[in-house]
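If you want the building blocks of each chain, they are given just below.
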Amino acid sequence: MSRRSSRNPWWKTALGVFFTAVMLFPVYWMFNVSLTRTADLRADPPHWFPWAPTTEGYEAVLAQQLPALGTSLLVGLGCVVLTVAIAAPAGYAVAQLRLPGRGTLNFLLLVAQMIPAVVMAMGFYAVYVRLGLLNTVGGLIVADSTIAVPFGVLLYTAFMAGIPRELLQAARVDGANTWRTFVSVVLPLSRNATLTVSLFAFLWAWSDFIFASTLDRNGDLVPITLGIYQYIGNNTTQWNAIMATAVVASVPAAVLLVVAQRFVTAGVTAGAVKD
Amino acid sequence: MTTTEAPAPAAADAPPGRRTRRRRGPTAPQWAAVGFAAPLLVYLTLFYAYPLWRNVDLSVHDYTIRAFVQGDAEFVGFDKYVEVFTSSTFPTALWNTAVFTFASILFQYAIGLALAVFFRSGFRLSPLLRAMFLVPWLLPLIVSASTWAWMLSSENGIVNSVLGAFGVPQINWLTSPGTALLAVTIANIWLGIPFNLVILHSGLQSIPGEVYEAASLDGAGPWRQFWSVTFPLLRPVSAITLLLGLIYTLKVVDVIWVMTTGGPGDSSTTLAIWSYREAFGTGQPDFSPAAAVGNVLIVIALVFGFLHLQLQRRQEES
């Protein structure tokens, strides 16, 4: 104990706490404003703490934004299902089944991640206008999944390449065909990859603004990001309600960070750092 | 990742079926592979290739919203590109994109690296604090952008209030042409720090501790150790981080759009914002020039993208 404290002086912890506090100040401020009474929003100097907290903002969220939260949840989950259903078998084909042309495919997936979302949004708009898919939840799910699918395939490929070949051969010896091997050996072993891919697919779909604001702007069901945006446009005086919506929209990120932090880190570093 | 091609000895005692791979034409296992990849191939064709093709198509026709629905737009060749390149917005947008992108990645990287080195020493609470640093990156961009917009607001913003306490006169961060680009860049730097911190921190983990022990035996202080050990050994990871940051930052729309919508005037308009504004930002959508700007942006992104791939390949070889 004493050895550790001599090697890791307390001032480093103090400095670390200070840096974190500075970094997270905007997040605190969002929370603070969400609890501030409308009358105090224009106070000069601003109130640093919500001394007299109000739930006005949150009541407005509950009254007006519940459908939007539901839509976002639906879009996020739909995106997870679609992404995993496409990426997991593809990763298996590239990593274990020696898919012909896998080098080219890998290359295309990397290129796909570089295409700006605004360009994809225009292309999707042009396609959806003809098919009548504008302002539909299904159309938004498909568009949102384009952010996650290339990442998902690359992550599954990297992960599944690490599964020992002997295991798959053992399954084959036991009489399992390729599909059986995939379902009962490869998929269960790839649980961590599935968690990471699902987490990011959900978070990206939940946070998406570009596709929502272009493909679903007049829909009956708009996601929460668009809910916030329309809020800003409509009543710029009600910043406590806007910030309360923002706090609520941040809940999934917070939950995922607490529950699955190591998968977040794994996802961020995947592809960027090789070892 | 690197183990994909590794088990050469395993291939030797693989069932005979695998060895026929050397022959021309796909074998049965390869057909199985194609089957497993089929959903992805269909997906990429329908939801990547086709929208991108439609986008090229938009840029060489004169699409109005009416022609959009009826599908009878006039073919105009490269007219829209000429229109874009000669527009007075083009030089401004290009310059803003360059400033926004380079300032963002430079500061994100510098701050991220400093923090990564700081967190490397593993003091008490450091894993917890490092995890909390991820928060800004996980929040929906629109949440962060609207929070920054309120913090930077001219009359009621906390930033002006703090600066005012030090005697600085009110700055109209988002509404004056001189500071709008600076304001969105600051917000974007804040957003990118977590990504840089996580990647650089995990890059630091791969530098063996003995290198530092040797350096400190040779009498190198922390400053010297950073410049002669950490920085050179981290160079491959740094290059990838900077290039990924570049590619991400080029396409940023949400942050700028929510904070300033590219204004006032064109003062914080980047290429991505310009494209978004032409197509979706005004009451009158003008898809053809928007698609042309978008395609110019793709070309720029791909140039840096190929640089990234080249760099990655060279690293894999070494």
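Residues numbered from 1 in each chain as written. Chains lettered and ligands numbered in written order. Predicted model: local features only at pLDDT ≥ 70, side-chain atom pairs only at ≥ 80, totals over all residues. Heavy atoms only, no water.

Going by the annotation in an unreviewed UniProt entry, the name recorded for chain B is Sugar ABC transporter permease, with Myceligenerans pegani given as the source organism. Note on chain B: under the UniProt heading Sequence similarities (unreviewed entry), the record states "Belongs to the binding-protein-dependent transport system permease family." (UniProt positions renumbered as here; feature names shortened; annotations may be inferred.)

Naming follows an unreviewed UniProt entry, where chain A appears as Carbohydrate ABC transporter permease of Myceligenerans pegani. The UniProt entry for chain A carries the following comment under Sequence similarities (unreviewed entry): "Belongs to the binding-protein-dependent transport system permease family." Per UniProt, chain A has the following entry under Subcellular location (unreviewed entry): "Cell membrane".

Attention now moves to the overall build of chain A. The helix and strand tally for chain A stands at 14 helices and zero strands. The helix and strand sequence of chain A, counted from the amino end, reads α-α-α-α-α-α-α-α-α-α-α-α-α-α. Dimensions of chain A along its principal axes, counting C-alpha atoms only, are 75 × 70 × 30 Å. Considering only contacts in chain A between residues 6 or more positions apart, those separated by 24 or more positions represent 73%. Per element, the accessible surface of chain A, about 11800 Å² overall, is 66% carbon and sulfur. Considering chain A, the positive charge centre built from 16 side chains and the negative charge centre built from 11 side chains are found 17 Å apart. (Helix = DSSP H or I, 4+ residues; strand = E, 2+ residues; numbered from the N terminus. Contact = heavy atoms within 4.5 Å. Areas by Shrake-Rupley, 256 points an atom, 1.4 Å probe, with all protein chains shown as cover. Lys, Arg positive; Asp, Glu negative; His and termini not counted. Charge placed at Lys NZ, Arg CZ, Asp CG, Glu CD.)

A word on the packing of helix 5 (residues 66-95) of chain A against helix 10 (residues 178-189) of chain A. Residue and element names in this part refer to chain A. Between helix 5 and helix 10, the least distance of the axes is 12 Å, while the angle of their chain directions is 105°. Classified by the angle between their axes, helix 5 and helix 10 sit roughly perpendicular to one another. Taken together, the residues of helix 10 that come into contact with helix 5 (itself represented by Ala88, Pro89 and Tyr92) are Thr178, Thr181, Phe182, Val186 and Leu187. Considered class by class, the residues forming the contact of helix 5 with helix 10 number six nonpolar, two polar and no charged. (Axes fitted to C-alpha atoms, helices over the stretch in contact; angles between N-to-C directions. Parallel < 35°, antiparallel > 145°, perpendicular 65-115°, else oblique. Nonpolar A, V, L, I, M, F, W, Y, C, P; charged D, E, K, R; others polar.)

What follows deals with the UniProt feature "transmembrane region" (unreviewed entry) in chain A. Listed under "transmembrane region" (unreviewed entry) in the UniProt record, and renumbered for this structure, are residues 12-31, 73-95, 107-128, 140-161, 182-206 and 239-260 of chain A. With 100% helix and 0% strand, the stretch residues 73-95 of chain A has end C-alpha atoms that lie 32 Å from each other.

This part takes up the pattern of salt bridges. Residues and elements named next belong to chain B. Inspection of the entire model under this criterion finds four salt bridges over all chains. With a closest N to O distance of 3.1 Å, Asp266 and Arg277 form a salt bridge. In this pair, Asp266 sits in the loop between helix 15 (254-260) and helix 16 (271-281) while Arg277 sits in helix 16, placing the two residues 11 residues apart along the sequence. Each member of the salt-bridge network shares a partner with another, and the members are Asp62, Lys80 and Glu83. (Salt bridge = Lys/Arg side-chain N within 4 Å of Asp/Glu carboxyl O.)

Before going further, it helps to spend a moment on the interface of chain A and chain B. If you look at the interface, chain A gives 104 residues, while chain B gives 101 residues. Each partner contributes to the roughly 9400 Å² buried at the junction of chain A and chain B, and carbon and sulfur atoms together form 74% of this total. Ranking the residues of chain A by area buried against chain B places Met23, Met114 and Met122 of chain A at the top, with a combined share of 8%. Inspection of the chain A/chain B interface yields zero salt bridges. Our count for the chain A to chain B interface comes out at nine residue pairs in polar contact (both at pLDDT 80 or more). Looking at the side of chain A that touches chain B, the element that brings in the most residues is helix 7 (residues 117-131) of chain A, giving 13 residues. Of the residues that constitute the side of chain A that touches chain B, the class distribution is 72 nonpolar, 21 polar and 11 charged. (Buried area = accessible area lost by both parts, 1.4 Å probe. Polar contact = N/O pair within 3.5 Å; in protein donor to acceptor, adjacent residues only side chain to side chain.)

Attention shifts here to the side chain of Ser207 of chain A. In this fold, Ser207 of chain A is placed in helix 11 (residues 191-207). With relative accessibility at 13%, the residue Ser207 of chain A sits in the buried group. Engagement of the side chain of Ser207 of chain A in a polar contact is seen with the backbone oxygen of Leu203 of chain A, the distance being 2.6 Å. In contact with Ser207 of chain A, not counting residues within four places along its chain, are Thr225 of chain A together with Leu138 and Pro140 of chain B. (Buried < 20%, exposed > 50% of the residue type's maximum accessible area, 1.4 Å probe, protein only.)

Let us now look at the UniProt feature "domain: ABC transmembrane type-1" (unreviewed entry) in chain B. The sites that carry the UniProt feature "domain: ABC transmembrane type-1" (unreviewed entry) are, in the present numbering, residues 94-308 of chain B. Summarising residues 94-308 of chain B: 74% helix, 0% strand, and an end-to-end C-alpha distance of 21 Å.

Our focus in this paragraph is the packing of helix 11 (residues 180-205) of chain B against helix 14 (residues 235-250) of chain B. Residue and element names in this part refer to chain B. Where helix 11 contacts helix 14, the axes come no closer than 10 Å and their chain directions differ by 155°. Relative to helix 14, the element helix 11 lies roughly antiparallel. Remark: the crossing between helix 11 and helix 14 carries right-handed chirality. The residues of helix 14 that touch helix 11, namely those facing Asn188, Phe195, Asn196, Ile199, Leu200 and Gly203, are Val237, Ser238, Thr241, Leu244, Tyr248 and Thr249. (Left-handed = near helix turned anticlockwise from the far one by under 90°.)

All names here are of chain B. Per the UniProt record, the feature "transmembrane region" (unreviewed entry) sits at residues 31-50, 93-119, 131-151, 171-191, 233-250 and 290-309. In residues 93-119, the share of helix is 100% and the share of strand is 0%. The end C-alpha atoms are 38 Å apart. Taken as a whole, residues 131-151 contains 81% helix and 0% strand, while its terminal C-alpha atoms sit 24 Å from one another.

We now examine helix 8 (residues 137-160) of chain A. Residues and elements named next belong to chain A. Between its first and last C-alpha atoms helix 8 spans 32 Å; for 24 residues at 1.5 Å apiece the expected length is 34 Å, and the two agree. Along its length, helix 8 shows its largest kink, about 40°, at Thr146, and proline Pro150 lies within four residues downstream of that point. Among the 24 residues in helix 8, 20 count as buried, and that is most of the element. Between the side-chain oxygen at the start of helix 8 and the backbone nitrogen of Gly139 there is a gap of 3.2 Å, and the oxygen is on Thr136. (Expected span 1.5 Å × (residues − 1). Bend = angle between axes of the 7 residues up to and from the residue.)

What follows concerns the environment of Gly162 of chain A. Residues and elements named next belong to chain A. Tracing the sequence through the fold places Gly162 in the loop between helix 8 and helix 9 (165-173). A relative accessible area of 52% places Gly162 in the exposed class. Distance from Gly162 to Ala90, taken between C-alpha atoms, is 15 Å for residues 72 residues apart in sequence.

Okay, the confidence of the model for chain B next. Put simply, chain B has an average pLDDT of 84, and 91% of its residues get 70 or more. Long-range and interchain partners of residues 1-22 of chain B, a stretch whose pLDDT sits below 50, account for 22 contacts in this model, where long-range means more than four residues apart. (pLDDT = per-residue confidence, 0-100.)

Residues Trp48, Phe49 and Trp51 of chain A together with Val162, Phe166 and Val168 of chain B make up a contiguous nonpolar surface patch of about 700 Å² in total accessible area. Positionally, Phe166 of chain B belongs in the loop between helix 10 (158-165) and helix 11. Taking the relative accessible area as the measure of exposure, Phe166 of chain B reaches 69% and is therefore exposed. (Patch = residues over 30% accessible without salt bridge, like charges linked within 9 Å, V, L, I, M, F, W, Y side chains within 5 Å.)

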